[in-house]
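Each chain is listed here by its residues.
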Amino acid sequence: MANVRCEQGHFYDDSRHVSCPHCGVPGLAQNMPPSTVAHRIDTPAPQGGPTEPMSAGTVDRSSPRAATGGATMRISQVRAGFDPVVGWLVCIEGPMKGRDFRLHGERNFIGRDASMDVCVEGDQTISREHHASVSYSTRNHTFILAPGTGRNLVYLNDADVLAPVNLNAYDVIELGQTKLLLVPLCGENFRWEGTPSA
């Protein structure tokens with residue numbers, strides 16, 4: 001795990017992200033007004049031409065293996081060409097109150113460890129890894145909450161979650177002393193281009 005600093009000053013783990021997760025999705029710049037674009041991570045070299053030297057934190061996307069580091073990619077990332085945000089979990093109670101966490105297609109694991117997709121720091125009552133997961137089905141366009149593999153329980157709107165259950169907008173997920181509110185982006189009214197229709 002190596003922390004890299006982006007051009008905007010954010011730190012992120014470059015073994016988990018090909019670009020800064022705080023600055024937005026690279027590649028959307030051409031469709032957005034300049035005032036809303038944070039920055040581009042790299043500039044692809046022309047076909048057959050010399051490559052420009054890359055600065056620290058820049059990812060060489062000239063080969064498919066280099067782009068992912070040989071890692072398994074999410075289906076949504078392959079279909080859309082990037083890993084788009086599908087919603088957010090917003091901490092409404094607990095040590096990280098007011099913080100939001102991006103959710104992406106497929107599974108998003110929740111825990112205290114920095115390797116988790118949703119890393120809830122400061123709440124020692126949350127399992128380090130895999131306390132729970134929130135998944136977004138790119139096929140059915142639904143959100144699902146599943147309990148983790150540890151001993152700690154997870155609650156949905158004050159009810160125990162012992163098996164996967166569907167989530168609705170603004171449902172409250174409780175883990176330890178933390179409560180997370182689901183704010184969906186994708187669903188019936190919106191989905192990213194390149195994802196299949198239900």
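Reading guide: rules and limits
Position numbers for residues count from 1 along each chain, tracking the sequence in the order it is written. Whole-chain, interface and lining totals are the exception, using all residues; otherwise, since this is a predicted model, local features are given only for residues with pLDDT of at least 70 and side-chain atom pairs are given and counted only at 80 or more. Note: side-chain values were computed over all heavy atoms of the structure, leaving out hydrogens and water. What we call a nonpolar core is a set of buried Ala, Val, Leu, Ile, Met, Phe, Trp, Tyr and Cys residues that are connected through their side-chain atoms within 4.5 Å. A simple rule labels every residue: compare its accessible area, found with a 1.4 Å probe on the protein chains alone, to the largest value its type can have, and call it buried under 20%, exposed over 50%, or partly exposed in between. By definition, any uninterrupted DSSP run of H or I lasting at least four residues is a helix, any uninterrupted run of E lasting at least two residues is a strand, and each is numbered from the N terminus. Whether two residues are in contact is decided by their heavy atoms: any pair within 4.5 Å suffices. Strand pairing is defined by DSSP finding a minimum of two bridges between the two strands. Charge convention: Lys and Arg are scored as positive, Asp and Glu as negative, and His as well as the terminal groups of each chain are ignored. Salt bridge, as applied in this entry: a Lys or Arg side-chain nitrogen positioned within 4 Å of an Asp or Glu carboxyl oxygen. Here a polar contact is recorded for every N or O atom pair within 3.5 Å, except that within protein the pair must consist of a potential hydrogen donor and a potential acceptor, and residues adjacent in sequence are included only if both atoms are side-chain atoms. Two aromatic rings from Phe, Tyr or Trp, using only the six-membered ring of Trp, form a pair when their centres are within 6.5 Å; if the ring planes differ by under 30 degrees the pair is stacked, by over 60 it is edge-to-face, and anything between is tilted. Every residue gets a pLDDT, meaning the predictor's confidence in that residue, from 0 to 100.

Colleague: Looking at this structure, I do not really get the nonpolar core. What am I missing?
Modeller: Side chains of a nonpolar character, in soluble globular proteins, are inclined to be buried together. Judged by nonpolar contacts, the single largest core of 26 residues is most densely connected at Leu-89, Val-134, Leu-145 and Ile-173. Breaking this core down by element, the ones donating at least two residues are β3 (85-93), β4 (100-104), β7 (132-137), β8 (142-147), β9 (154-156), β12 (172-175) and β13 (178-184). With four residues, β3 is the largest single contributor of residues to this core. When residues no more than four places from it in sequence are discounted, the contact partners of Ile-173 are Leu-89, Val-134, Leu-145, Val-154, Tyr-155, Leu-156, Leu-167, Thr-178, Lys-179 and Leu-180. Counting residues in each nonpolar core, the second largest holds five residues, with Val-4, Cys-6, Tyr-12 and Cys-20 among its members.

Colleague: I tried to follow the pairing of strand β5 (residues 106-111) on my own but got confused; where do I start?
Modeller: Consecutive residues of a regular strand have side chains that alternate between opposite faces of the sheet. Where β5 lies against β7, five bridges are found, and the strand directions are antiparallel. Within β7, the position partnered with Glu-106 by the bridge is Tyr-136.

Colleague: Explanation requested: the side chain of Asp-123 in the structure shown.
Modeller: Mapping Asp-123 onto the fold places it in the loop between β6 (118-119) and β7. Among buried charged residues, Asp-123 stands out as having no salt bridge; its nearest opposite-charge side chain is Arg-112, 7.1 Å away. At 2.9 Å, the side chain of Asp-123 forms a polar contact with the backbone nitrogen of Gln-177. Sequence-distant contacts of Asp-123, that is, excluding residues within four places in its chain, are made with Pro-95, Arg-112, Leu-175, Gly-176, Gln-177 and Thr-178.

Colleague: Is there a simple way to explain the packing of aromatic side chains in this structure?
Modeller: Applying the stated rule across the entire model yields two aromatic pairs. Centre to centre, the rings of Tyr-136 and Phe-143 are 4.8 Å apart; their planes meet at 50°, and the pair counts as tilted. Take Phe-143: its relative accessible area is 4%, and that puts it in the buried class. Between the aromatic rings of Phe-190 and Trp-192, the centroid separation amounts to 5.3 Å while the plane-to-plane angle is 80°, which identifies the pairing as edge-to-face. Take Phe-190: its relative accessible area is 33%, and that puts it in the partly exposed class.

Colleague: What is the right way to read the confidence of the model for the chain from this model?
Modeller: Close inspection of predicted coordinates is inappropriate for parts of the model with low pLDDT. For the chain, per-residue confidence averages 76 on the pLDDT scale, and residues scoring 70 or more make up 67% of the total. Between residues 27-67, whose pLDDT stays under 50, and residues either more than four places distant or in other chains, the model counts 41 contacts.

Colleague: Is there a simple way to think about the environment of Ala-169 in this case?
Modeller: One can find Ala-169 in the loop between β11 (165-167) and β12. Of the residues examined, Ala-169 reaches a relative accessible area of 44% and is grouped as partly exposed. Separated by 82 residues in the primary sequence, Ala-169 and Gly-87 have C-alpha atoms spaced 9.7 Å apart. If we skip the residues at most four places from it in the chain, Ala-169 touches Leu-182 and Pro-184.

Colleague: Would you take a moment to explain unusual backbone geometry for this structure?
Modeller: Residues other than glycine predominantly adopt negative phi, and peptide bonds predominantly adopt the trans conformation. One non-glycine residue with positive phi stands out, namely Glu-106, at about 75°. Looking at Glu-106, the relative accessible area reads 24%, which means it is partly exposed. Of note in this structure, Asn-157 is not a glycine but carries a positive phi near 50°. In this fold, Asn-157 is placed in the loop between β9 and β10 (159-160). Accessibility expressed as a relative area gives 41% for Asn-157, which makes it partly exposed.

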